[in-house]
Amino acid sequence: MAFAWKAAGLTYNRYLTVAARAVRRSLKDGPRAAAERRGNMDLRFAKWENGKQGEVKSLAKANDEALAAQAESK
Amino acid sequence: MSSLRFARSAFRARPSAFRVPLQRRGYAEAVSDKIKLSLTLPHQSIFKSTGVVQVNIPAESGEMGVLANHVPSIEQLKPGLVEIVEEGGASKKFFLSGGFAVVQPDSQLSINAVEGFPLEEFSIDNVRSQIAEAQKIANGSGSEQDIAEAKIELEVLESLQAVLK
């Protein structure tokens, strides 16, 4: 029961992110604005093949897709 | 508060006590062992090797209180309340979002978490509205991940609601 999220294919890292997000959103409005900025992540990556840059993707979106694909294949 | 001041002055008076023969033994000297607590977040350290009397942590294996000279151990923390009892009996309460607590052999306790705030910074209304939202998702027909994430949020929020009451 304690690790139901593991069965759904979530990683511990993801678990911590979701838990921290819920805590930040529960704050009073003053400290919340400052805290929520910490939860934002904006990383992009591209794969280089044969000296050419491939499509630039958002890391967060690519992670979500990979997670969903992994859970389905189980 | 006055007992705290007395304990401090007794501590300061110690070096001179080496020169003159010790007349009496005070209570403050008898209980000198404290645990050194470091409570750290990625962006802030709330306690930095500060001597405290006792720390109560919500470990995954159950609630536990850590005093000085505790057996070395590593505990995964549930999202929950950490209570720090300082010298003089005053206690501070923080809600942590989950992480790890490491008890080291030399009476050191390191707690790492992603987010942690004192209780007075939380708003019960925000907690309640989030619970309603998360329950909708958890009982809905979303993907398995969405439901699992909503259940994690519920676990956090319900524990938060219980300590705020």
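The shown structure was predicted, so the numbers you read here are calculated from the model rather than taken from an experiment.

1. Quick look at the overall build of chain B
Looking only at helices and strands, chain B has 5 helices and 10 strands in total. Relative to its 165 residues, chain B shows a buried fraction of 27%. Expressed as a percentage of contacts within chain B between residues at least 6 apart in sequence, the contacts between residues at least 24 apart total 46%.

2. Overview of the overall build of chain A
Looking only at helices and strands, one finds 4 helices and 2 strands in chain A. Here the C-alpha atoms of chain A give a radius of gyration of 16 Å, more than 25% beyond the 11 Å that 2.2 N^0.38 yields for 74 residues. Principal-axis analysis of the C-alpha atoms gives chain A an extent of 50 × 35 × 15 Å.

3. Examining the environment of G89 of chain B
Residues and elements named next belong to chain B. Structurally, G89 can be placed in the loop between strand 6 (80-85) and strand 7 (91-96). By C-beta crowding, G89 is classed as exposed, having 9 other C-beta atoms within 10 Å. In this structure the C-alpha to C-alpha distance between G89 and V53, which are 36 residues apart in sequence, comes to 8.3 Å.

4. Comments concerning the interface of chain A and chain B
Chain A puts 23 residues into the contact, and the matching count from chain B is 26 residues. Every element with two or more residues in the side of chain A that touches chain B is listed here: helix 1 (4-7), helix 2 (12-25), helix 3 (29-39) and helix 4 (59-73) of chain A. Split into classes, the residues belonging to the side of chain A that touches chain B amount to 17 nonpolar, 2 polar and 4 charged.

5. Looking at helix 4 (residues 124-139) of chain B
With 16 residues, helix 4 of chain B extends 23 Å between its outermost C-alpha atoms, agreeing within 8% with the 22 Å of an ideal straight helix rising 1.5 Å per residue. Residues V127, Q130 and A134 of chain B constitute the buried set of helix 4 of chain B. Buried positions in helix 4 of chain B, seen along its axis, are confined to an arc of 70° and lie on one side of it. Of the residues in helix 4 of chain B, the exposed ones pointing more than 90 degrees away from the buried face are D125, A132, K136 and N139 of chain B. Where helix 4 of chain B is buried, its residues touch helix 2 of chain A together with helix 5 (144-164) of chain B.

6. Some points on unusual backbone geometry
Residue and element names in this part refer to chain B. Phi is positive for N69, which is not a glycine, with a value near 60°. Locating N69 in the fold gives a position in the loop between strand 4 (62-66) and strand 5 (73-77). Of note, S107 is a non-glycine position whose phi angle comes to about 60°, a positive value. Within the secondary structure, S107 sits in the loop between strand 8 (99-104) and strand 9 (108-113). With 18 C-beta atoms counted inside 10 Å, the residue S107 sits in the partly exposed group.

7. Thoughts on the confidence of the model for chain A
Taken residue by residue, chain A gives an average pLDDT of 85. The fraction at 70 or more is 95%. Here helix 4 of chain A is the element of chain A with the lowest mean pLDDT, 79, and strand 1 (residues 44-49) of chain A is the one with the highest, 92.

8. Some remarks on the domain arrangement of chain B
Residues and elements named next belong to chain B. Its domain assignment divides chain B into domain 1 (1-32), domain 2 (33-119) and domain 3 (122-164). Of note, the centres of domain 2 and domain 3, computed from C-alpha atoms alone, are 25 Å apart. When grouped by side-chain class, the residues that make up the side of domain 2 that touches domain 3 number 5 nonpolar, 2 polar and no charged.

About the cut-offs
Residues numbered from 1 in each chain as written. Chains lettered and ligands numbered in written order. Predicted model: local features only at pLDDT ≥ 70, side-chain atom pairs only at ≥ 80, totals over all residues. Helix = DSSP H or I, 4+ residues; strand = E, 2+ residues; numbered from the N terminus. Buried ≥ 20, exposed ≤ 12 C-beta atoms within 10 Å, placed from the backbone. Contact = placed C-beta atoms within 7 Å. Rg over C-alpha atoms; globule rule 2.2 N^0.38 Å. Nonpolar A, V, L, I, M, F, W, Y, C, P; charged D, E, K, R; others polar. Expected span 1.5 Å × (residues − 1). Arc of directions from axis to C-beta. pLDDT = per-residue confidence, 0-100. Domains from an automatic or database assignment.

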